[in-house]
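Breakdown of the fold
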Amino acid sequence: MSAGHRHRVHRPGDTPVHRLPPQCKLAAVAAFALTVVATPREWFAAFAAYALLLAGVALAARVPPGFVLRRMAVEVPFVVFALAVPFIGTGERVAVAGLSLSLPGLWAAWNILAKATLGVAASVLLAATTEPRMLLLGAQRLRLPPLLVQIAMFMARYLDVIAGEMRRMRVAREARGFAARDVRHVPVVARSAGALFIRSYERGERVHLAMLSRGYNGSMPVLSDLTASARQWLLAGTLPGAALAALLGAWALA
Amino acid sequence: MHVPDGFFNAAVSVSAAAVAAAGVAVCLRGARRELDDRTAPMVGLVAAFVFAVQMLNFPVAAGTSGHLLGGALAAILVGPYAAVLCMAVVLLVQGFFFADGGLTALGVNITLMGLVTVVTGWGVFRLVTRVARGRAALTAASFAAALVSVPASALTFTLLFWIGGTAPVEIGTVAAAMGGVHVLIGIGEGLITAVTVGTVLAARPDLVYGARGLAAPLVLRGADGERTVVPAAPARDASPRPARPFLLAGTALTLVLAGAVSFFASGNPDGLERVAEDEGFIGQAGDHALGSWSLADYGEVGGVPVGVAGVIGVVITLAVSGAVAYAARRRRAAAPGGARGTGEAGGAADGVTDGAADGITA
C-alpha cells in the first residue's frame, strides 16, 4: 500500500469538474461506485459504458491518463489475487493455452478486476480534482460526524510533517550505516517508531495549546459555507445518472 | 489488505458498514469523554503517526516484507476509543485521497483493520496485564496483543469471504493462505509493537494509555523522614450521562440492519452461488486437488442461504457490537490514574505526572 502514497494526489485546475462543490462530487462518486458494484458481471456492455463515462470525466477535468494509471498502483495486491483465482478456484475447468483454469474463477477474476479498477479510477479522479480539505468539508456536508472530519483534517494537515519527521530519522539512521536487512534489525526500526510516537504526541500537545491560546473551544470555525445549487447537483448527477442508464440499457439487452 | 470495490457482495458490504458506523459512533463518544477538546488534535496527530508507521516496511522472511497494521499499537498507546478513531480516519483518508480501498468497501475495511485489530488487541493486552504486572509484562502483553490482532483480522476477512466473497475459492484455501501469511506478519507486528511500546515506556511512560493505573503513587519525603503520599490526580471522568442506552440502541440498530440485509441478500444468490447451481460443479469435488474442503458445503451455503447467511451475519454483528460495548463498559469502570494535566496546568502538572509515572512498578 505504500506504493501510491508518495505521489501528489491533487491536480489543481479550473475545469467544470474542479469547480463542482465537493459534496456533489463525493455523492456522485459514491453513487457511481454503488452502481458499478451492483452490476452483474455478465453485462460487459455496461462495464464498457462505465469506463467510457470515467474517460469522459477525465477528459473534462483535463487529468492525463498517465496520472490516473500511475495512481492506480494501489490496486496491485488485489490484481495479483484476482489473477490467482482462476488457478486455485473451484468448479468446472477449461483449458486455456494448455493451462487448466477454473471457469467460475475466471468469472470472479473478471468481476474483481473490472469493479475494483472502475472504483479506483473514480476515486483517483475525485481526489485529483478536489482539494483534500474541501473533500473533507464536503464529507461533513454529507453528515459525516464533525469530530471525525476534524480528526481527518488534522491528520491530512500533519501527514507531511510526521512523514518528514520519519524521513529525517531514516536519513539519520542511514547516515550511521544502518540498513534493515533481516529480522535482527526490527528493534531499530521499532525504536524509531517509538520516538516518532513521542514526537507526534508532543507536537499534538503543543498544537492543542496553541489552538487554546487562539480561542479554540472544541469545534472549528466554519470559514467557507459550502452550498451547492440545484444546477450543480444536476451536473454532478450526470455521472451516476448515465451509469444507471447504462445499467438499465444492459438489462434491457440481457 | 485494503479491500477494493466489488470484492465482497452488497450484503456483506452494507452489514460491515453498519457495524463500522456503530463502532465508530461508540468510540467518538468514548474518546470525547476521555480527551475532551483535545480529541481532534491529539487523535488527528496519532492518526498521522499510524499512517506514517504503516509506511515502515519490515523484512518478514527472505525477500518479502510486511508493514504494520498498527491497530494494537494504537490501542495500547492511546486507548481503544482513540485507536478505533485513528484507524477509521486513516482508512477514510486512504480511501478518499489515495484510492486505497474502495468507497463501497470502506465499512469492511474499517471493521477488519480498525475494529477487529483494536478490539482483539486491546482485549488480549488487558487480559495479560491483569494476570501479570510490571514493565516486562507490559512489553509481553504488547507483543501478544499485536501478534493475535493480525491473524484475527485475517480470519475475520476469511469469514466475511465465506459469507459474501465474490470469488469461488475454497474457504479452507483462503483460511490457510491468509492465516499462514498473517501469522508471520503478526510476529513482525508483535515485535515492532513490543519494542515501540517499550521505547515509549522508557521515555514518557505517562503517554502509554495501557500503563495507566500501573504508576506508583508519588511519595514525598521530608527532611525529617516524614513521608507523604500524594494521591493521584483525579481522573477526568466528567460525563455523568451513561452510555448504555446509546450502546443498546446502536447494537439493536446494527442487529436489525445486519439481519435484514443478510436475509434480503440471501434471497438473491450472488453470481458465485448461481454459477454453483447452474454448473452443478458439486459433483466434481473429488477431481480437484484442493477438494478436501467439501464443495458440497460451499453449495450448501448457496443452496440454503436464508438460514445460514442470516444467522452468521447476526452472530458476527452481535459479537463485534458486544465486544465494543464490553470494552466501553470496562473503560468506564476502571478509573485511570495519572491523567495528563490539562493544557492550562502546564509544566507543573507535567512534572508531577512524569515523576509519578516514572515509578512504574518494575
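Residues numbered from 1 in each chain as written. Chains lettered and ligands numbered in written order. Predicted model: local features only at pLDDT ≥ 70, side-chain atom pairs only at ≥ 80, totals over all residues.

- For chain B, the name recorded in an unreviewed UniProt entry is Energy-coupling factor ABC transporter permease, with Planomonospora alba as its organism.
- Its UniProt record gives chain B a comment under Subcellular location (unreviewed entry), which states: "Cell membrane". (UniProt positions renumbered as here; feature names shortened; annotations may be inferred.)

**Brief notes about the overall build of chain A**
- Assigned secondary structure in chain A consists of ten helices and two strands.
- For 254 residues, the compact-globule formula gives about 18 Å, and the C-alpha radius of gyration of chain A, at 23 Å, lies well above that figure.
- Reported as C-alpha extents along the three principal axes, the dimensions of chain A are approximately 65 × 55 × 30 Å.
- The burial tally for chain A puts 40% of its 254 residues in the buried class. (Helix = DSSP H or I, 4+ residues; strand = E, 2+ residues; numbered from the N terminus. Rg over C-alpha atoms; globule rule 2.2 N^0.38 Å. Buried ≥ 20, exposed ≤ 12 C-beta atoms within 10 Å, placed from the backbone.)

**Digging into the environment of histidine 10 of chain A**
Residues and elements named next belong to chain A.
- The residue histidine 10 is located in the segment before helix H1 (16-19) in this model.
- Remark: the alpha-carbon pair of histidine 10 and leucine 126, spanning 116 residues in sequence, is separated by 8.9 Å.
- If near-sequence neighbours (up to four positions away) are discounted, histidine 10 is found in contact with Ala127, Ala128, Glu131 and Pro132. (Contact = placed C-beta atoms within 7 Å.)

**A closer look at helix H1 (residues 10-35) of chain B**
- The terminal C-alpha atoms of H1 of chain B lie 36 Å apart, and with 26 residues this matches the ideal 38 Å at 1.5 Å per residue to within 8%.
- Two residues or fewer after H1 of chain B comes aspartate 36 of chain B, characterised by a positive phi angle close to 60 degrees. (Expected span 1.5 Å × (residues − 1).)

**A short note on the packing of helix H3 (residues 71-78) of chain B against helix H6 (residues 135-164) of chain B**
Residues and elements named next belong to chain B.
- Axis separation between H3 and H6 bottoms out at 8 Å; the angle between their running directions is 145 degrees. In this structure, the crossing between H3 and H6 has a hand that is right-handed. Residues Gly71, Ala72, Leu73 and Ile76 of H3 lie in contact with H6, whose contacting residues are Ser142, Ala145, Ala146 and Ser149.
- Across the contact of H3 with H6, the residue classes tally to five nonpolar, three polar and no charged. (Axes fitted to C-alpha atoms, helices over the stretch in contact; angles between N-to-C directions. Left-handed = near helix turned anticlockwise from the far one by under 90°. Nonpolar A, V, L, I, M, F, W, Y, C, P; charged D, E, K, R; others polar.)

**Comments concerning the interface of chain B and chain A**
- With 71 residues of chain B at the interface, the matching set in chain A holds 82 residues.
- Among the elements that take part in the side of chain B that touches chain A, helix H2 (residues 39-54) of chain B stands out by supplying 14 residues, more than any other.
- Residues of the side of chain B that touches chain A, tallied by class, amount to 45 nonpolar, 18 polar and eight charged.

**Digging into the nonpolar core**
- Core analysis: the largest hydrophobic core is formed by 169 residues, its most contacted members being Met155 of chain A together with Val46, Leu85, Cys86 and Val89 of chain B.
- Discounting chain neighbours no more than four positions away, the residues touching leucine 85 of chain B are Ile151 of chain A together with Val24, Cys27, Leu28, Ala31 and Val43 of chain B. (Core = buried A, V, L, I, M, F, W, Y, C linked by C-beta atoms within 7 Å.)

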